Amino acid sequence: MNNTVSSSRIFYGWWMVLICCLAMAAGPILITGTFSIFIKPLAETYGWSRGDISFGFSLVAFIIAFYAPILGILIDRFGPRVVIMSGAVIFGAGFCSFWFLSNSLWQFYGMYLLTAFGGASLTSLPFATIISRWFTRQRGMALGLMGTGVFLGGMYAPPLVTH
């Protein structure tokens, strides 16, 4: 019996890099990278000022900055898989909740915060943990390739949403 591994096989960790890259391209960038596209339509539809709408984005950025260390603790305690899966459910629920948006600015802030908390769980923190567990050599390259997902999402999301 031959126990040697073929050198032509691709290390499974590179598939994980691809999966994490695609997940980052399809995650929170849909909300953060396209926020400015919705300012004018929201202002026209609900009569809110652009400043009030933009405050929602600022509020989310401020809250998420304080959530990041908690997210790190959650990843350490429960693992990145649980954090990513629960974050995806919360992000999806928050994203879908915008269908029920009424004229209440506070409702908009609440929905946006819910979406942001779920989205924060889909940022580079849990994905970098996964990649770091797969790689000892070429870890920097793997993390760099994984990180391109954000930029890929930033390239396709605004034209897609505008269309």
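Our structure is the block above this text.
These numbers come from a predicted model, not from an experiment. (Residues numbered from 1 in each chain as written. Predicted model: local features only at pLDDT ≥ 70, side-chain atom pairs only at ≥ 80, totals over all residues. Heavy atoms only, no water.)

With that out of the way, let us pick up a nonpolar patch on the surface. On the surface, I10, F11, Y12, W15, L18, I19, L22 and W134 cluster together to form a nonpolar patch covering roughly 830 Å² of accessible area. No other element matches helix α1 (residues 12-25), which puts 5 residues into the nonpolar patch. Within the secondary structure, W15 is located in helix α1. (Patch = residues over 30% accessible without salt bridge, like charges linked within 9 Å, V, L, I, M, F, W, Y side chains within 5 Å. Areas by Shrake-Rupley, 256 points an atom, 1.4 Å probe, with all protein chains shown as cover. Salt bridge = Lys/Arg side-chain N within 4 Å of Asp/Glu carboxyl O. Helix = DSSP H or I, 4+ residues; strand = E, 2+ residues; numbered from the N terminus.)

This brings us to the side chain of T115. Here T115 is to be found in helix α6 (residues 105-120). Among residues more than four places away in sequence, those in contact with T115 are I31, F91, G94, F95 and F98. (Contact = heavy atoms within 4.5 Å.)

In the structure shown here, the tally under the stated rule is 17 aromatic pairs. Between F55 and Y109 the ring centres are 5.6 Å apart and the planes differ by 70 degrees, which places this aromatic pair in the edge-to-face class. Taken together, the positions of F55 in helix α4 (residues 50-78) and Y109 in helix α6 put the pair 54 residues apart, joining distant regions of the chain. By relative accessible area, F55 is classed as partly exposed at 42%. A relative accessible area of 6% places Y109 in the buried class. Feature note: the residues F35, Y46, W48, F55, F57, F98, W106, F108, Y109 and Y112 constitute an aromatic cluster, connected by ring pairs. (Phe/Tyr/Trp six-rings, centres within 6.5 Å; stacked < 30°, edge-to-face > 60°. Buried < 20%, exposed > 50% of the residue type's maximum accessible area, 1.4 Å probe, protein only.)

This part takes up the layout of surface pockets. Quantified by volume, the largest pocket comes out at close to 400 Å³. Contributing to the lining of the largest pocket are 15 residues, with I31, T34, F38, F95 and F98 lying nearest its centre. If you list the elements that add at least two residues to the lining of the largest pocket, you get α2 (29-32), α3 (35-46) and α6. Considering each element in turn, the lining of the largest pocket owes the most residues, 6 residues, to α3. Across the lining of the largest pocket, the residue classes tally to 13 nonpolar, 2 polar and no charged. (1 Å grid on protein atoms, 1.4 Å probe; cavity = no way out; pocket = protein on both sides within 12 Å on 5 of 7 lines; lining within 4 Å. Points joined across faces, edges and corners; volume = space filled by probe spheres on them. Nonpolar A, V, L, I, M, F, W, Y, C, P; charged D, E, K, R; others polar.)

A few words on α3. Here α3 spans 16 Å end to end across 12 residues, near enough to the 16 Å set by a 1.5 Å rise per residue. Among the residues of α3, F35, I39, L42 and A43 are the ones counted as buried. The buried side chains of α3 occupy one side of the element, clustering within an arc of 100 degrees when seen end-on. Exposed and oriented more than 90 degrees from the buried face of α3 are E44 and T45. (Expected span 1.5 Å × (residues − 1). Arc of directions from axis to C-beta.)

W48, I53, F108, F127, I131 and M146 are the most contacted members of the largest nonpolar core, which has 28 residues in total. Broken down by secondary-structure element, the contributors of at least two residues to this core are α1, α3, α4, α5 (80-97), α6, α7 (124-134) and α8 (139-162). In terms of residues, this core owes the most to one element, α6, which gives 6 residues. Here F127 is in contact with C20, A23, M24, I84, L122 and M146, once residues within four sequence places are set aside. (Core = buried A, V, L, I, M, F, W, Y, C linked by side-chain atoms within 4.5 Å.)

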